[in-house]
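Fold and contact review
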Amino acid sequence: MTIGPIELEIIRHRLEAINADAGETLVRVSGSQIASEASDFNTAIMTADGTVVSCSKFILVQSTSLNLIVRDILDRYGENPGIGPGDQFLTNDPYLGTLHQPDVTLVAPIFDGERLVAWAGSTVHEPDVGGPVSGGFNYAARSIFDEAIPIPPIKIVEAGRIRRDIERDYLARTRTPELNALDLLGQMAANRASERQVLELCAAYGTSGLIDAMDRLLASTEAAFRRRLAELPDGVWRENSFIQHEQRSGADYLPNQVYAVRLVMAKTGDRLTFDFTASDDEAPGAVNATYPTLANFTMAAVLVHICQGLPWMPGAIWRTIDIRTRKRSVVDAEWPAGVAMSTGTSAQAIRNCVSGCLARLLDASAAHAYMAMASSQSSGAGGMSISGHRLDGNPFTTLFLDELSGGGGATRNADGSDTSGTATSPGATPSNLETNEAYYPVLYLTRRELADSGGPGRRRGGVGAMHAYRPHQTERSIALLSMAQGLQHPATMGAAGGEPGLPSGFAIMSSDVPIAGSKGWSDLADVTDVRLPDAATRLHPDQILVTSSQGGGGFGDPLERDPTAIAVDVLDGLVSVSGALRDFGVVLRLDGDQVVIDYAASEAERQARLRARLGGREPRKAEGQVSGRRLSSHFRAVEASGGEQIACASCGHGICNVGAGLYASLVVHDAAAGERSAITDRYPGSARFRIRHFYCPSCARQVDVQVALAGDPVLEAMEVLLPDQPSEARP
């Protein structure tokens, strides 16, 4: 039959529905709390050559480059062991296409008769996949040989029958064979459900018709994305992000070292280039990202931040993107580097860099600035593998994803979503605490939104959450392996002058501490020994674990936020009275169930802060709209006698000539990494980080905020080009 535009849209939506149905099938068959509660999985449909044409919206980063796995199978297994109807291949090899070893992927070819039509795929994070440490994360790993050894693609289902020898070998590796077996059955069922429904599409539209339709969908989405890129200004943007891990020099062990992920992004015409070559060398183990991980997290950020209103079709978007990297770096590790902790460490730094650069790109466009969004929560201390023994002596191991309660990034027109989780995992969520309690020997004492954790801005970042639990119905301690990132510095960046979200928190304290009655870390900081978690961290029966997730980044200068909006936040428990003054310069008080704003005192406070930004000088008043070529919310390129000049979009002050160092021409104020936190500065190593605030030297408007290593030069986050100057990503 002839497939026109209407039929093409029907097929596109049908593919999305098939993916959703596959996800539902996986959850119902599995029953694992990681899949059924936290939704730490994803599904996808690919063309015959592995191009991802449709993916679900759960953990995006698990499916955006499944093409790498399928390509490997097609290249290596065509003759031996062969690829046929009813086959399914399992792998957890991060050097081939998964994120890290706990993410187990199952892909299945879909044949109509003898013709290969498509592939179905699914990935689930498993509670354990073997190796020397329960849960698969080993702080002390020097290489991948100290972690769970990856499984390259193996045919675990042949002609519709499970290979019992392969299944037995796979399950023998894990400490949680029952849960892994359930997930495996769920993935098999999900892929078969996708196969059945794809073949129904073949019957309805013809096999050639469906194949042609998928090709046309990829081509039309590519064309639409290229048009969007062409509408955006060319330019170069930069972002840095940091993680902590050990270093080794010969036999010497250096704990708590910093690794930088550095990105230079260039947009030229209808292409994007992401250059990570200036990132630090790989770590001695655990936290490195492989190239597939780098690719997945880059693509997921592109889909979320720049593909609003477009189909999320990774295979089409890949045709417009170049990634430049360097082998043996922390973002592109070389075998046999350890990588099991990558998803909560280097991968989050990758995502933060991509998100930050895309926000700057979008903010440079008058037509598309509404899409610019600050970063959502990064990985935090609440994401961890826990293991131990129940009261009856039986062992347990699982992954808790309490960190997925962090805040979303703010946009130009809206506050960030509160406790919404990571933007690149839109369907993921923390497990229901009662489910965690039913499955495992823990008792939750609190799970609640954390006031003042959202990044301050004209639009506030979404708030994160605080969690606390203790061992329950066990007489033994519980081993804790926390990702532990974003403790020493903010890891969630703001945009357009917005502040970062509050850093994460981690502490173990005595069980007699009144957690439920506390208002947050300010009430708990003096009753606990604040320290970084490590490989030996354990939670004893008389102790409580308290963690907090990060808030989302704010958007715009916090001193420009409407006091009425802040009063509403105070009523909702999202901002405290003291936080309103500290973060926004707004003076208010509680009068029963009413919030009273002192407008005169607030205006005086804000004016005093503007003067303080300029060292006591009186700030210049805004002049209204400043004409000129838009560079961002805060800058315009205007004609001057010596050529184009960068001017403040608020007051019109000429800052520097185009081509000169913009950020070096701004007023810069360095602050401690924990300037808004009660505990950040108490973590070892936090003094290495600084929060840099950038102000217009005339009107004192806050135009950018960066997290940096103390002593590092100012990052020129936006390279302003002359109108005809080509953009090129270069460190």
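Our structure's up above, just so we're on the same page.
What you are looking at is a predicted structure, and each value in this text was computed from that prediction instead of being measured. (Residues numbered from 1 in each chain as written. Predicted model: local features only at pLDDT ≥ 70, side-chain atom pairs only at ≥ 80, totals over all residues. Heavy atoms only, no water.)

**What about the overall build of the protein?**
What the protein contains, in helices and strands, is 14 helices and 29 strands. The C-alpha radius of gyration of the protein comes to 26 Å, within 12% of the 27 Å expected for a compact globule of 731 residues. Taken along the three principal axes of its C-alpha coordinates, the protein extends 80 × 65 × 55 Å. Looking at the protein residue by residue over its 731 residues, the buried ones come to 63%. For the protein, contacts bridging at least 24 residues in sequence account for 71% of all contacts bridging at least 6. (Helix = DSSP H or I, 4+ residues; strand = E, 2+ residues; numbered from the N terminus. Rg over C-alpha atoms; globule rule 2.2 N^0.38 Å. Buried < 20%, exposed > 50% of the residue type's maximum accessible area, 1.4 Å probe, protein only. Contact = heavy atoms within 4.5 Å.)

**Thoughts on empty space enclosed by the protein**
Which parts of space are left empty comes out when a probe the size of a water molecule is rolled across the atoms. On inspection of all chains with the given rule, the structure shows eight cavities of 30 Å³ or more. D40, T343, Q348, L401 and E403 are, among the 24 residues lining the largest cavity, the residues nearest its centre. Among the secondary structure elements, those contributing two or more residues to the lining of the largest cavity are β12 (383-389) and β13 (395-401). Taken as a whole, the second largest cavity encloses approximately 220 Å³ of empty space. R360, D363, A495, A496 and D704 are the residues nearest the centre of the second largest cavity, which is lined by 23 residues in total. Mapped by element, the contributors of at least two residues to the lining of the second largest cavity are β8 (235-249), α9 (346-363) and β28 (702-709). Take the lining of the second largest cavity: its biggest share by element is five residues, from α9. The residue inventory of the lining of the second largest cavity, partitioned by class, reads 13 nonpolar, six polar and four charged. (1 Å grid on protein atoms, 1.4 Å probe; cavity = no way out; pocket = protein on both sides within 12 Å on 5 of 7 lines; lining within 4 Å. Points joined across faces, edges and corners; volume = space filled by probe spheres on them. Nonpolar A, V, L, I, M, F, W, Y, C, P; charged D, E, K, R; others polar.)

**Things to note about the nonpolar core**
F274, F276, I306, Y469 and L662 are the most contacted members of the largest nonpolar core, which has 138 residues in total. Setting aside chain neighbours within four positions, we find I306 in contact with F225, R228, L229, L232, A301, L358, L361, L362 and M371. Residues I11, I45, I110 and L217 belong to the second largest nonpolar core, which totals 23 residues. (Core = buried A, V, L, I, M, F, W, Y, C linked by side-chain atoms within 4.5 Å.)

**Considerations on the layout of surface pockets**
Of the pockets and cavities examined, the largest pocket occupies roughly 420 Å³. Of all elements in the fold, only α11 (521-524) and α13 (577-584) reach the threshold of two or more residues within the lining of the largest pocket. For the lining of the largest pocket, the per-class residue count stands at nine nonpolar, six polar and five charged.

**With respect to the sheet that holds strand β27 (residues 689-695)**
Note on sheets: strands pair through backbone hydrogen bonds, and any given pair is parallel or antiparallel. Read from one edge to the other, the open sheet built from three strands follows the order β26-β27-β28, with strand pairing classed as antiparallel. Two strands in the sheet have a free side with no partner beyond their single neighbour: β26 (667-672) and β28. With strand direction ignored, the average angle separating the axes of adjacent strands in the sheet is 25 degrees. (Pairing = 2+ DSSP bridges. Axes fitted to C-alpha atoms, helices over the stretch in contact; angles between N-to-C directions.)

**A closer look at the pattern of salt bridges**
Applying the stated criterion to the full structure yields 43 salt bridges. With its nearest N and O atoms 2.9 Å apart, the salt bridge here joins E222 to R226. Of this pair, E222 and R226 both sit in helix α6 (residues 207-231), four residues apart, which is roughly one turn of the helix. For R692, the salt bridge goes to D670, with nearest N and O atoms at 3.4 Å. With R692 in strand β27 and D670 in strand β26, the pair connects residues that are 22 residues apart, well separated along the chain. Judged by its relative accessible area of 6%, R692 falls in the buried class. Taken together, the salt bridges that share partners define one network made up of D87, K155, E158, R163 and D165. (Salt bridge = Lys/Arg side-chain N within 4 Å of Asp/Glu carboxyl O.)

**Focus: the packing of helix α4 (residues 164-172) against helix α5 (residues 177-205)**
Running from amino to carboxyl end, α4 crosses α5 at an angle of 135 degrees, the nearest separation of the two axes being 9 Å. Between α4 and α5, the angle is such that the two are oblique. Seen from above, α4 lies across α5 with right-handed handedness. Residue-level inspection shows E167, Y170 and L171 of α4 in contact with α5, the latter providing P177, N180, A181 and L184. Taken together, the residues of the contact of α4 with α5 break down into five nonpolar, one polar and one charged. (Parallel < 35°, antiparallel > 145°, perpendicular 65-115°, else oblique. Left-handed = near helix turned anticlockwise from the far one by under 90°.)

**Some words on the pairing of strand β20 (residues 588-591)**
Judged from the four bridges that link them, β20 and strand β21 (residues 594-597) form a sheet pairing that is antiparallel. Within β21, the residue paired with D591 across the bridge is Q594. Remark: two residues form the turn of the hairpin made by β20 and β21, two consecutive strands paired antiparallel; G592 in that turn has positive phi of roughly 70 degrees.

**Quick look at the sheet that holds strand β22 (residues 629-630)**
The sheet built from four strands is open, its strands ordered β22-β23-β24-β25 with antiparallel pairing. Taken across any chain shown, the strands that pair with only one partner, and hence form the sheet edges, are β22 and β25 (654-657).

**Details of the packing of aromatic side chains**
All told, the structure shown has 13 aromatic pairs when counted by the stated rule. Members of the aromatic cluster, connected to one another through ring pairs, are F396, F400, Y439, Y440, Y444 and Y469. (Phe/Tyr/Trp six-rings, centres within 6.5 Å; stacked < 30°, edge-to-face > 60°.)

**Considerations on unusual backbone geometry**
For the peptide bond that leads from N80 to P81, omega is 15 degrees, which places it in the cis range. By the element assignment, P81 lies in helix α3 (residues 67-82). Going from W335 to P336, the amide bond is cis rather than trans, its omega being 10 degrees. In this structure, P336 sits in the loop between β11 (321-324) and α9. Look at Q473: it is not a glycine, yet its phi comes out positive at around 60 degrees. On the secondary structure map, Q473 appears in the loop between β15 (465-471) and β16 (478-482). One non-glycine residue, A700, lies in the positive phi region at around 70 degrees.

Everything listed is a geometric property; what it means functionally is a separate question.
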